[in-house]
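Fold and contact review
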Amino acid sequence: MTATATETRSFEAEVAQVLHLVTHSLYSHKEIFLRELVSNASDACDKLRFEALAKPELMGGDSELHIDVSWDEAARTITVRDNGIGMNRDEVVANIGTIASSGTRRFLEAMSGEQKADARLIGQFGVGFYSAFVVADKVTVLTRHAGSAAADGVKWESDGKGEYTLETAELAERGTTIVLHLGADEDEFLKGWKLKSLIRTYSDHVAFPIRVPEEKDGKPTDQWETVNAASALWAKPRSEIKDDEYKAFYKSLGHDFNDPLAWTHNRVEGSQSFTTLLYIPAQPPFDWMMGGRDERKGLKLYIKRVFIMDAAKELLPNYLRFVSGVVDADDLPLNVSREILQHNRQLERIKGACVKRVLDLIEKLAKDEPEKFATFLKAFGNTLKEGISEDTANRDRIAKLLRFASTKGDGAKQSVSLDDYIGRMAVGQDTIWYITADTYAAAVGSPQLEAFKAKGIEVLLMFDRIDEWMVGYLSEYEGKKLHNVAKGELPLDEGEKKQQEEAAKAAEPLLKKLKELLGDQVGEVKVSARLTDSPSCLALSDYEMAPHLARLLREAGQEMPATKPTLEINPQHALLKRVETETDEAKAKDLASLLLEQAEIAAGAQLADPAAFVQRLNRVLLGG
Ligand code: ADP
Ligand code: MG
């Protein structure tokens, strides 16, 4: 290399400003410099590959594009070299000496005025090259444009303080070499293992081999080893990827040793292009329900195959937090920061696409792979239910995927969809009936179901903790109202209404007696239209929380307002006959209290005084 005609130039004032900002306040992690330089090298290789399509001679005899990262402990340098497109003299000046790059200009516009204080904003603009000065106190660039003569190489050098030098250099090979002369405190980067680990972390799926010298006795040799996977699996067409490769890649994401349950791989082309490769695990991680849920790792954001960050929170709603995989966007600015991600419209669109793809995938399982779908529901069905409240736009799609046990289903098996239910509705039925409880047994044995059983009306049995809360957001599905059998008035036909009124009238003295016996333990005592076999049950108002849920919340330390229950009775039942005829006040009181307490127990409520209940029960059993 022979240098000629050295020229010293000043950075444009704005570049100096950018440099100052970058080196002083930009990166919370210095190590990102390597990602940025590798990314530029990868871009340069991409550009050459593209231009060589039309002009194959640009490749010369050197068509294996690669990126080499090496270090020299004695010289205290790190060198990043690529055999990509390279730059001529004007390009060097334009790309790294001025603010010709629109990113730099936009950055400065954004940073002027009152925003000046927020240096984090720099993250959204393409000013990655300058990050070299975060670790280096001098940077040398040697570059030769593909197709130009060896004598037309360029050497650029700067300490990043305000000036740079430019000279012509004889360079034997095309491409760009960037030499970082490390600052005094940066020795940690002068280690092969350190560089390799940074490359694997940040640049594993850069599509060109990134090579590092093999070491012998702790010294770099002139043999090169490739460090990265060098293949962005998701960037290949689907037809070229084997299932085993998809599975291996899933495991390489590092959250699960098992095979994934299913995946969906898509490329969107258009004004905004991006690729998504999304996986559904076969089982939840062991800490899924206990704190593990806040972590939300597993969905990686790449921009043009360069790893940017774990962005599960930004790219997926909470109820799909079990999904892992990769999103690779073509058009986002590299260096995008987390703050920026949260308000980025392009990203919103990508997020929408991710949600759609995942729901498509789950729908496909439901339709074509019932066994896998059952596995999915077992693992994440309750998580999916959160979407009913979280994602109103997709509420119907999510509701369609839910499965419940039912009085016409297969025991405790949760396999009945809302569509199944609607398909079995009687003519004229316009309500989807359900009951919520703590357990399957509590649901299926609930006295409130009796009238429905007698009439042959199907009732969905919901007994997952989240159900009562979830159906609160699902008041309607496919034009049918969802209604809890324990709440409000039952719709009765004319004949039934008449019967009901007559029964209520006949029972008036009994109702009055019960009300007196129970005092303020109850709000109201009514004749029930719900009961055929049991003596009593609780009825809730439309907006009242189910007792079992109120109990759970209270147990979890939440203040719950104490409401007075409405007691419904079945006057035909022998126990009510006994209350009617019991003349001993104390005995009548025991019976009345037991009627209320058994209704509360069946509804999963907490008894106000369990000891008193037990004593009462024993008195009555002993027949006093
Ligand atoms: P960005 O990559 O977002 O454009 P950078 O500051 O990282 O911003 O790089 C500025 C420009 O310098 C690049 O757009 C490119 O034109 C040029 N450049 C940087 N590194 C290389 C390289 N290794 N080979 C060719 N050109 C490069
Ligand atoms: Mg860059």
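In case you missed it, the structure is sitting above this.
Predicted model, so just to flag it, every value in this text is computed and none were measured.

**Topic: the overall build of the protein chain**
When helices and strands are tallied, the protein chain shows 23 helices and 22 strands. Here the C-alpha atoms of the protein chain give a radius of gyration of 35 Å, more than 25% beyond the 25 Å that 2.2 N^0.38 yields for 624 residues. Along the first, second and third principal axes, the C-alpha set of the protein chain runs to 120 × 50 × 45 Å. A burial count over the protein chain gives 50% of its 624 residues as buried.

**A short note on the environment of Thr 439**
When you line up the elements, Thr 439 lands in the loop between strand S16 (431-436) and helix H15 (440-444). Taking the relative accessible area as the measure of exposure, Thr 439 reaches 39% and is therefore partly exposed. Along the sequence, Thr 439 and Leu 461 sit 22 residues apart, while their C-alpha atoms lie 9.2 Å from each other. Here Ala 442 takes part through its backbone nitrogen, which lies 3.0 Å from a polar atom of the side chain of Thr 439.

**A closer look at the packing of helix H19 (residues 508-518) against helix H22 (residues 585-602)**
Helix packing for two helices is described by the angle between their axes and how far apart those axes are. Running from N to C, H19 and H22 cross one another at 90°; their axes reach a closest spacing of 9 Å. Accordingly, the angle class assigned to the pair H19 and H22 is roughly perpendicular. Residues Lys 513, Leu 514, Leu 517 and Leu 518 of H19 form the contact with H22, whose participating residues are Glu 585, Ala 588, Lys 589, Ala 592, Ser 593, Leu 595 and Leu 596. Here the residues of the contact of H19 with H22 sort into seven nonpolar, one polar and three charged.

**Here we look at empty space enclosed by the protein**
Applying the stated criterion across every chain, the model contains one cavity of 30 Å³ or more. What the largest cavity holds in volume is close to 150 Å³. Lining the largest cavity are 17 residues, with Ile 435, Thr 436, Gln 448, Pro 547 and Ala 603 positioned closest to its centre. Those elements that place two or more of their residues in the lining of the largest cavity are S16 and helix H20 (547-555). Looking at side-chain class alone, the lining of the largest cavity contains ten nonpolar, six polar and one charged residues. No fewer than three residues from each of domain 3 (403-485) and domain 4 (492-624) sit in the lining of the largest cavity.

**Some remarks on the pairing of strand S9 (residues 219-226)**
As judged from the five bridges shared by strand S8 (residues 210-216) and S9, these two strands associate in the antiparallel manner. Bridge pairing in S9 places Glu 215 opposite Pro 220. Joining the antiparallel neighbours S8 and S9 is a turn of two residues, in which Asp 217 adopts a positive phi near 50°.

**Side note on the sheet that holds strand S20 (residues 524-527)**
Ordered in space as S20-S22-S21, the three strands form an open sheet in which the pairing is mixed. Both outer strands of the open sheet, S20 and strand S21 (536-539), are each paired with one neighbouring strand and no more. Strand-to-strand, the axes of this sheet are offset by a mean angle of 30°, without reference to chain direction. Where S20 meets strand S22 (residues 566-569), four bridges bridge the pair, whose relative direction is parallel. Across the sheet, residue Lys 526 finds its bridge partner in S22, namely Glu 568. Together, S20 and S22 form the strand contacts of H19, whose direction differs from that of S20 by roughly 155°.

**A short note on the packing of aromatic side chains**
One pass over the structure, following the stated rule, counts 18 aromatic pairs. Ring geometry for Trp 156 against Tyr 164: centres 5.7 Å apart, planes inclined by 25°, an arrangement best described as stacked. Here Trp 156 and Tyr 164 have matching classes, each one buried. In textbook terms, an aromatic cluster arises when at least three aromatic residues are bridged by ring pairs, as seen for Phe 11, Phe 129, Tyr 130, Trp 156 and Tyr 164.

**A closer look at the side chain of Lys 300**
In this structure, Lys 300 sits in strand S12 (residues 299-303). Owing to a relative accessible area of 17%, Lys 300 belongs among the buried residues under this scheme. If sequence neighbours within four positions are ignored, Lys 300 has contacts with Leu 253, Phe 307, Met 309, Asp 310, Gly 325, Val 326 and Val 327.

**Topic: the site of ligand 1**
In the region of ligand 1, 13 residues are neighbours, and Asn 40, Asp 82, Asn 95, Gly 128 and Phe 129 sit closest. Asn 40 places a polar side-chain atom, nitrogen or oxygen, 2.8 Å from an oxygen atom of ligand 1. Asn 95 has a polar side-chain atom sitting 3.0 Å from an oxygen atom of ligand 1. Relative to its unbound accessible surface of 530 Å², ligand 1 loses 83% to contact with the protein. Taken together, the elements giving at least two residues each to the shell around ligand 1 come down to helix H2 (32-54) and helix H3 (89-97). Broken down by element, the shell around ligand 1 gets its largest block of residues, four residues, from H2. For the shell around ligand 1, the class distribution of residues is six nonpolar, five polar and two charged.

**Points about the pattern of salt bridges**
Applying the stated criterion across every chain, the model contains 37 salt bridges. Two residues, Asp 368 and Lys 367, come together in a salt bridge whose shortest N-O distance is 3.7 Å. The class for Asp 368 is partly exposed, based on a relative accessible area of 45%. Lys 367 sits in the exposed class, given a relative accessible area of 69%. One connected set of salt bridges, linked through shared partners, spans Lys 356, Asp 360, Glu 363 and Arg 397.

**Quick notes on the environment of Leu 34**
Among the secondary structure elements, Leu 34 is positioned in helix H2. Between the C-alpha atom of Leu 34 and that of Val 459, which follows or precedes it by 425 residues, the distance is 61 Å. The residues touching Leu 34, leaving out its near neighbours within four places in the chain, are Val 69, Val 80, Leu 195, Leu 198 and Ile 199.

**Quick look at the nonpolar core**
With 71 residues, the main nonpolar core has Leu 320, Phe 376, Leu 384 and Leu 460 as its most contacted residues. For this core, the leading source of residues is helix H11 (residues 345-368), giving ten residues. Both domain 2 (233-379) and domain 3 (403-485) contribute no fewer than three residues apiece to this core. Once residues within four sequence positions are removed from consideration, Leu 460 is found in contact with Phe 404, Ala 405, Ser 406, Val 416, Leu 418, Tyr 421, Ile 432, Trp 433, Tyr 434 and Ile 435. Among the nonpolar cores identified, the runner-up in size contains 68 residues, and Phe 129, Ile 178, Val 227 and Ala 232 belong to it.

Rules used throughout
- Residues numbered from 1 in each chain as written.
- Chains lettered and ligands numbered in written order.
- Predicted model: local features only at pLDDT ≥ 70, side-chain atom pairs only at ≥ 80, totals over all residues.
- Heavy atoms only, no water.
- Helix = DSSP H or I, 4+ residues; strand = E, 2+ residues; numbered from the N terminus.
- Rg over C-alpha atoms; globule rule 2.2 N^0.38 Å.
- Buried < 20%, exposed > 50% of the residue type's maximum accessible area, 1.4 Å probe, protein only.
- Polar contact = N/O pair within 3.5 Å; in protein donor to acceptor, adjacent residues only side chain to side chain.
- Axes fitted to C-alpha atoms, helices over the stretch in contact; angles between N-to-C directions.
- Parallel < 35°, antiparallel > 145°, perpendicular 65-115°, else oblique.
- Contact = heavy atoms within 4.5 Å.
- Nonpolar A, V, L, I, M, F, W, Y, C, P; charged D, E, K, R; others polar.
- 1 Å grid on protein atoms, 1.4 Å probe; cavity = no way out; pocket = protein on both sides within 12 Å on 5 of 7 lines; lining within 4 Å.
- Points joined across faces, edges and corners; volume = space filled by probe spheres on them.
- Domains from an automatic or database assignment.
- Pairing = 2+ DSSP bridges.
- Phe/Tyr/Trp six-rings, centres within 6.5 Å; stacked < 30°, edge-to-face > 60°.
- Near = heavy atom within 4 Å.
- Areas by Shrake-Rupley, 256 points an atom, 1.4 Å probe, with all protein chains shown as cover.
- Salt bridge = Lys/Arg side-chain N within 4 Å of Asp/Glu carboxyl O.
- Core = buried A, V, L, I, M, F, W, Y, C linked by side-chain atoms within 4.5 Å.

Without other data, these values stay purely geometric and don't point to any function.
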